[in-house]
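Structural overview for review
Read off the chains here:
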Amino acid sequence: MIRAPAQYWLLIVMWIRSVLAYPASFVLMLVSSTLVNLTDFVAVLIMFSHITAFGGFSLGEMALLYATSSTALGMADLLTGSIERVGERIRTGAFDAYLIRPVPAFLQAAADGFALRRLGRPLQAGTVLVFALSKVDIDWTVARGIMLAVSLVTGTVIFAALFVLGASFQFVAIDSAELANSVTYGGQALTQFPLTVFGKEIVRAVTFVVPLAFVNYYPVLYVLGKPAPLGLPSWIGLLSPLVAAVMVALSSLAWRAGLRRYRSTGS
Amino acid sequence: MAVIELADVSRAFTVTSRSGWRRTRREVRAVDGMTFSVEPGEVMGYIGPNGAGKSTTIKMLTGILVPSGGTIRVAGVDPSRHRLKLARRIGVVFGQRTTLWWDLPLKDSFAVLQKMYDVPLARHRENLATFVELLDLRDLLDVPVRQLSLGQRMRGDIAAALLHDPEIVYLDEPTIGLDVISKARLREFLAQVNAERRTTIILTTHDLDDIEALCTRVMVIDHGHQIFDGTLDGLKSSQSAPRTLVVDLAATLPPIQVTGATVIKTDGPRQHLTFPTNTSAAPLLAEIAANYPLVDLSVSEPTIESVITQLYNTA
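Definitions and limits used
Residues numbered from 1 in each chain as written. Chains lettered and ligands numbered in written order. Predicted model: local features only at pLDDT ≥ 70, side-chain atom pairs only at ≥ 80, totals over all residues. Heavy atoms only, no water. Helix = DSSP H or I, 4+ residues; strand = E, 2+ residues; numbered from the N terminus. Rg over C-alpha atoms; globule rule 2.2 N^0.38 Å. Buried < 20%, exposed > 50% of the residue type's maximum accessible area, 1.4 Å probe, protein only. Lys, Arg positive; Asp, Glu negative; His and termini not counted. Charge placed at Lys NZ, Arg CZ, Asp CG, Glu CD. Phe/Tyr/Trp six-rings, centres within 6.5 Å; stacked < 30°, edge-to-face > 60°. Patch = residues over 30% accessible without salt bridge, like charges linked within 9 Å, V, L, I, M, F, W, Y side chains within 5 Å. Areas by Shrake-Rupley, 256 points an atom, 1.4 Å probe, with all protein chains shown as cover. Salt bridge = Lys/Arg side-chain N within 4 Å of Asp/Glu carboxyl O. Pairing = 2+ DSSP bridges. Axes fitted to C-alpha atoms, helices over the stretch in contact; angles between N-to-C directions. Contact = heavy atoms within 4.5 Å. Parallel < 35°, antiparallel > 145°, perpendicular 65-115°, else oblique. Left-handed = near helix turned anticlockwise from the far one by under 90°. Nonpolar A, V, L, I, M, F, W, Y, C, P; charged D, E, K, R; others polar. Buried area = accessible area lost by both parts, 1.4 Å probe. Polar contact = N/O pair within 3.5 Å; in protein donor to acceptor, adjacent residues only side chain to side chain. Domains from an automatic or database assignment.

The next point concerns the overall build of chain A. The number of helices and strands found in chain A is 12 helices and 0 strands. Shown N-terminal to C-terminal, the secondary structure of chain A runs as helices and strands in the order α-α-α-α-α-α-α-α-α-α-α-α. Against the 2.2 N^0.38 benchmark of 18 Å for 267 residues, chain A shows a C-alpha radius of gyration of 19 Å, consistent with a compact globule. For chain A, with 267 residues in total, the buried portion stands at 53%. Across chain A, the mean location of the 18 positive side-chain charges is 7 Å away from that of the 12 negative side-chain charges.

This is the structure we're talking about:
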């Protein structure tokens, strides 16, 4: 448990080195990945050439939402995205190879084929964040600054937990990778926008069922000093570390249950 | 003190079959009431037809699978409960697929394993040098695993499984698909490792030459049950697989009459007779020589294949 970070690092360094064996190819991949992601934000810019506010959010505020959501998903995808291939590994029998090593299967599954090019999305998100902070006029307090920084971490953790939950489900239904993707990648598309535009039902769902609203929406509302929907308190964003902790606990239980099921059914 | 101990170990799988809308669940016992122990330094061949429960047993011994009944102790611990701890003390090779990293050069895989298993660097270098030499890996170190041929990959996998000086090595069909020379080389290497390091080796195989060349002990299983446990010679004599006597006569004759033997084939002047393993060939020879124009003869022992085939059929 204590050694987990070192073991994870060992595994990803191995993959990074194998990628960096072809530096030119890597740089090209990274640049193209960042550019493709940037065009994603261009859609928002175009939208704001026709309107001045969307769901009560100005362009800068939208950019802040977009950047936080994109950072969280990008980092989670970078760190744990490989875990979605667990079903494939079970099917081919490669999963057994994880279980004969003295490193937790979870770390091996998360690090396997670590793709540094996925850094493209967080890089793009960072660019948008700089843009956002230059546009929005935030009444900065210490609490708001901390909230913004913390939300990038907790958002990453919430998305990562969702990746792990999805992967755990593949122990039961091997071909369910797409189901999990609809929640993670689909969820990210949702969290780029002020959630209220989607209607109350969606807001309830992403608050109480799949807590995507805690990835960035509630924290950003707090930072911007905007009221929360559904009559929720405006400080609800402060609960995001708690939500992240609960998600980690849930996903860890799910992973263990999945692994136990695997070990007692075989492939 | 045994390094591996199984007491009444079973492993059941639920098999779901579908016909139309109906789903039927059926329990299959892949391993049933397995009890045996292995001493340090033993090389045990674990054989049985496809689906006999060999791989299931190996997976339980590594901790990959949890037994449905009975107890297992490997190197003093319960494998499924202390899987991570046990992993440092065992080496595993799955002949059917690699446990190495597909996209990495062999030497990178080895370097990662050194850190993963915390092998002291000096010891790692020493082991690596030995294995590179013995398994002829020098030219393969820079090649990504996916580009290796089956035989090369297998050598890489075996080196990888031994780098951390495991006390016990499980080899699940290590010679599958290899050519004759590669097989011989691999066997030689394993025999050397066993002799020099006293590594306990359990190997499953369909190639009985592996058993002949390596194993001090053979265990035969079928349908999850042990049907034989002992030495190779013991296995041969345990079964009354008939010996064969081939006689060349001076002329083509009708099948000859000998007490205690029967003609199974005639081929011109050559006749093939079988007689039970536990009887001597001498009286037969005397009788044939006295009654028939005997020119030449040869006695052949039952092949291990025929012994095992018979064992499967009687089990």
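There's plenty left to go through after this.
Looking now at the packing of aromatic side chains. Residues and elements named next belong to chain A. Evaluation of the coordinates by the stated rule reveals 15 aromatic pairs over all chains. A ring pair is formed by phenylalanine 54 and phenylalanine 193, whose centres lie 6.0 Å apart and whose planes are at 70°; its orientation type is edge-to-face. Note that phenylalanine 54 is positioned in the loop between helix 2 (23–47) and helix 3 (59–80) and phenylalanine 193 in the loop between helix 9 (177–191) and helix 10 (200–209), a separation of 139 residues in sequence. Among the residues examined, phenylalanine 54 registers a relative accessible area of 23% and is labelled partly exposed.

The next point concerns a positive patch on the surface. Among the surface-exposed residues, A:Arg261, B:Arg18, B:Arg23 and B:Arg25 lie close enough to one another that they form a single positively charged patch. Structurally, the position occupied by A:Arg261 is in helix 12 (residues 240–265).

Residue and element names in this part refer to chain B. Here we have 6 strands laid out as an open sheet, ordered 5-6-7-3-8-9, and mixed in their pairing. Here the strands that pair on one side only, and so sit at the sheet edges, are strand 5 (90–94) and strand 9 (225–230). Direction aside, the axes of adjacent strands within the sheet are offset by 15° on average. Running at roughly 165° to strand 5, helix 5 (residues 150–162) makes contact with strand 5 and strand 6 (168–172) of the sheet.

All right, on to the packing of helix 2 of chain A against helix 7 (residues 120–135) of chain A then. Think of two packed helices as two axes; the pair is described by the angle between the axes and how far apart they sit. All names here are of chain A. The contact between helix 2 and helix 7 brings their axes to 8 Å, and the two run at 45°. Classed by the angle they form, the pair helix 2 and helix 7 counts as oblique. Helix 7 is crossed by helix 2, and the crossing has right-handed handedness. Here Leu30, Ser33, Thr34, Asn37, Leu38, Asp40, Phe41 and Leu45 of helix 2 lie close against helix 7, whose contacting residues are Gly120, Arg121, Leu123, Gln124, Val128 and Phe131. Broken down by class, the residue content of the contact of helix 2 with helix 7 amounts to 7 nonpolar, 5 polar and 2 charged.

With 26 residues of chain B at the contact, the number on the chain A side is 28 residues. Taken together, both faces of the contact between chain B and chain A bury some 2,500 Å²; the carbon and sulfur share is 59%. On the chain B side of the contact with chain A, B:Ile64, B:Arg83 and B:Met116 bury the most area, a combined 24% of that side's loss. Linking chain B with chain A are 3 salt bridges. A salt bridge links B:Asp118 to A:Arg3; its shortest N-O distance comes to 3.0 Å. Between the two partners, chain B and chain A, sit 6 residue pairs in polar contact (both at pLDDT 80 or more). Those elements giving two or more residues to the side of chain B that touches chain A turn out to be strand 1 (4–19), helix 2 (83–87), strand 5 and helix 3 (106–116) of chain B. Sorting elements by how many residues they give to the side of chain B that touches chain A places helix 3 of chain B first, with 5 residues. For the side of chain B that touches chain A, the class distribution of residues is 14 nonpolar, 3 polar and 9 charged.

A positive phi angle, near 50°, is found at B:Ala75, a position not held by glycine. Locating B:Ala75 in the fold gives a position in the loop between strand 4 (69–74) and helix 2.

Let's shift gears to the side chain of B:Thr199. Secondary-structure assignment places B:Thr199 in the loop between helix 6 (180–197) and strand 7 (200–204). For B:Thr199, a relative accessible area of 3% translates into the label buried.

In this section: the pattern of salt bridges. All names here are of chain A. All chains considered together, the criterion is met by 24 salt bridges over all chains. Between arginine 204 and glutamate 201 there is a salt bridge; the shortest N-O distance is 3.1 Å. With arginine 204 and glutamate 201 both in helix 10 and 3 residues apart, this pair spans about one turn of that helix. Overall, the relative accessible area of 37% leaves arginine 204 in the partly exposed class.

All names here are of chain B. Domain annotation for chain B reports domain 1 (1–89 + 167–173 + 195–238) and domain 2 (242–314). Taken together, the 13 residues of domain 1 in the interface contact 6 residues of domain 2. Interface area for domain 1 against domain 2, summed over the two sides, is near 900 Å², with a carbon-plus-sulfur share of 80%. Summed over the shared surface of domain 1 and domain 2, the result is 0 salt bridges. At the junction of domain 1 and domain 2, the tally comes to 0 residue pairs in polar contact (both at pLDDT 80 or more). Going through the elements one at a time, helix 7 (208–214), strand 8 (217–222), strand 9 and helix 8 (232–238) are the ones with two or more residues in the side of domain 1 that touches domain 2. Each residue belonging to the side of domain 1 that touches domain 2 can be placed in one class, and the counts come to 9 nonpolar, 1 polar and 3 charged.

Below, the discussion takes up helix 1 (residues 54–62) of chain B. All names here are of chain B. The buried fraction of helix 1 amounts to 8 of the 9 residues, a majority that puts the element mostly inside the structure. Among all positions in helix 1, only Lys54, Thr56, Thr57, Ile58, Lys59, Met60, Leu61 and Thr62 are buried. Positioned one or two residues after helix 1, glycine 63 has a phi angle of 95°, which is positive.

Residues and elements named next belong to chain B. Pairing is antiparallel across the open sheet formed by 3 strands, whose spatial order is 2-1-4. Strands with a single pairing partner mark the edges of an open sheet, and in this sheet they are strand 2 (22–38) and strand 4. Sheet twist, expressed as the average angle between the axes of neighbouring strands with direction ignored, equals 35°. Relative to strand 1, helix 1 is tilted by about 125°, and along the sheet it contacts strand 1, strand 2 and strand 4.

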